[in-house]
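An overview of the molecular structure
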Amino acid sequence: CRQYWQPVFLAFRARRLDESQAQDATQGFFLHIMKTSLFRKADPQRGKFRSFLSGALRLYMIEHYDRQTMRRQRHNAEEVSLDEAGPEMLHHDAPEDRVFDREWALTLLEAALRRLRLDYELARGAAAFAVIKQFLPSAQMGIPDYERAAAELRMTVPTLRVEVHRIRKQFRELLRREVARTVSAPHEIDEELQHIKDVLLHG
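Summary of the structure given here. (Residues numbered from 1 in each chain as written. Predicted model: local features only at pLDDT ≥ 70, side-chain atom pairs only at ≥ 80, totals over all residues. Heavy atoms only, no water.)

**Structural notes on the overall build of the protein**
What counts, and what does not: The secondary structure listing takes helices from DSSP runs of H or I that are at least 4 residues long and strands from runs of E that are at least 2 residues long, numbered from the N terminus. The rule is simple: take the accessible area with a 1.4 Å probe, protein chains only, and divide by the maximum for that residue type; under 20% is buried, over 50% is exposed, in between is partly exposed. Contact between two residues is taken to exist if any of their heavy atoms lie within 4.5 Å; hydrogens are not considered. Only the protein chains shown count as cover for residues, and all accessible areas are computed by the Shrake-Rupley method using a 1.4 Å probe.
The helix and strand inventory of the protein stands at eight helices and zero strands. Starting at the N terminus and ending at the C terminus, the protein contains elements arranged as α-α-α-α-α-α-α-α. Taken over 203 residues, the protein has a buried fraction of 40%. When contacts within the protein are restricted to residue pairs at least 6 apart in sequence, long-range pairs at least 24 apart make up 61% of them. Total accessible area on the protein is roughly 12,700 Å²; 50% of this is exposed by carbon and sulfur atoms.

So, in structure tokens, the structure goes:
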């Protein structure tokens, strides 16, 4: 719940809830999951955890927000229960779905970066990681300066390039490990990695 709080929170914000309302809605969603033991229904053999959580969130929105809106607009609106909701209600064209997927991707990237930082800081220190992280895909802001970074790390530029290659490879492996925890089959790992790339590039 802690790890995926931000994607859920921003999905509610995409529905034009203010910050306080979105916080309450997010807490309500995770409380609903725990009260109904919904995570027990997340069968790894039936698909990706991202899809499961996104679908559960959409159904929760339908149950607790869309239905309330319909009640306000039409007193005789037909209610839709979570058990009766069909696949058409789980479309991924709504703004909150795009926000959820983007934040999901960022959450996995941050988890991989956090693991990498702990390992690197243990070996070389926090100051060294602060320099090297600018060469990672998740942290890059513009084009990093190899000569300046090499001087800060007291390395030659060729040595730094080797170090950057190594650290990027380690980062990819850690990200792959994070993704593997959320899918049901090995072939889905590459699909999710591609999905992460797509949502970060195209929103």
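**Brief notes about the environment of Ala127**
Within the secondary structure, Ala127 is located in helix α5 (residues 126–132). Put simply, Ala127 and Glu152 are 25 residues apart on the chain and 9.2 Å apart in space, counted from C-alpha to C-alpha.

**Comments concerning unusual backbone geometry**
Phi angles above zero are rare outside glycine, and Arg16 is one such case at about 70°. Structurally, Arg16 can be placed in the loop between α1 (5–13) and α2 (19–35).

**Here's the deal with the packing of α1 against helix α4 (residues 95–124)**
Heads up, the rule is: Only the stretch in contact is used when a helix axis is fitted, and all axes are lines through C-alpha atoms; the angle between N-to-C directions ranges over 0 to 180 degrees. Every angle not falling under 35 degrees, over 145, or within 65 to 115 is termed oblique; those three ranges are roughly parallel, roughly antiparallel and roughly perpendicular. Note: crossing handedness is left-handed where the near helix turns anticlockwise from the far helix by less than a right angle, and right-handed where it turns clockwise. Under the grouping applied here, Gly and all other residues not named as nonpolar or charged are polar, the nonpolar ones being Ala, Val, Leu, Ile, Met, Phe, Trp, Tyr, Cys and Pro and the charged ones Asp, Glu, Lys and Arg.
Their axes nearest at 8 Å, the elements α1 and α4 cross at an angle of 160°. It follows that α1 is roughly antiparallel to α4 by the angle criterion. Where α1 crosses over α4, the two elements pack in a sense that is right-handed. Across from Gln6, Pro7, Val8, Leu10 and Ala11 in α1, the residues of α4 making contact are Glu96, Val99, Phe100, Glu103, Trp104 and Thr107. Looking at the contact of α1 with α4 residue by residue, the class counts come to seven nonpolar, two polar and two charged.

**Topic: the pattern of salt bridges**
Spelled out, the test is: Salt bridge, as applied in this entry: a Lys or Arg side-chain nitrogen positioned within 4 Å of an Asp or Glu carboxyl oxygen.
Summed over the entire model, instances satisfying the criterion amount to 13 salt bridges. In this structure, Arg15 and Glu96 form a salt bridge, with 3.0 Å as the shortest nitrogen-oxygen distance. In this pair, Arg15 sits in the loop between α1 and α2 while Glu96 sits in helix α4, placing the two residues 81 residues apart along the sequence. Judged by its relative accessible area of 6%, Glu96 is buried. Across the pair Arg166 and Glu163 runs a salt bridge, and its minimum N-O distance is 3.0 Å. On the criterion of helical spacing, the pair formed by Arg166 and Glu163 is a turn pair, its members being three residues apart in helix α7 (residues 157–180). Relative accessible area serves as the criterion here: at 39%, Arg166 is assigned to the partly exposed category.

**Things to note about the environment of Leu106**
Mapping Leu106 onto the fold places it in helix α4. Judged by its relative accessible area of 25%, Leu106 is partly exposed. The spatial distance from the C-alpha of Leu106 to the C-alpha of Ile196 is 8.2 Å, given a sequence separation of 90 residues.

**Remarks on the nonpolar core**
Where we set the bar: In these notes, a set of buried Ala, Val, Leu, Ile, Met, Phe, Trp, Tyr and Cys residues joined through side-chain atoms within 4.5 Å is what counts as a nonpolar core.
If you look at the biggest cluster of nonpolar residues, it comprises 48 residues, and the most contacted ones within it are Phe12, Phe29, Leu57, Ile132 and Leu160. Among the secondary structure elements, those contributing two or more residues to this core are α1, α2, α3 (49–73), α4, α5, α6 (146–153), α7 and α8 (186–202). Here this core gets nine residues from one element, more than from any other, and that element is α4. Apart from residues lying up to four places away in sequence, Leu57 is in contact with Val8, Ala11, Phe12, Phe29 and Phe100.

**Description of the packing of α4 against α8**
Running from N to C, α4 and α8 cross one another at 115°; their axes reach a closest spacing of 9 Å. The chirality of how α4 crosses α8 is left-handed. In this structure, α4 contributes Asp101, Arg102, Trp104, Ala105, Leu106, Leu108 and Leu109 to the contact, and α8 contributes Glu192, His195, Ile196, Val199 and Leu200. Along the lines of polarity and charge, the residues of the contact of α4 with α8 split into eight nonpolar, one polar and three charged.

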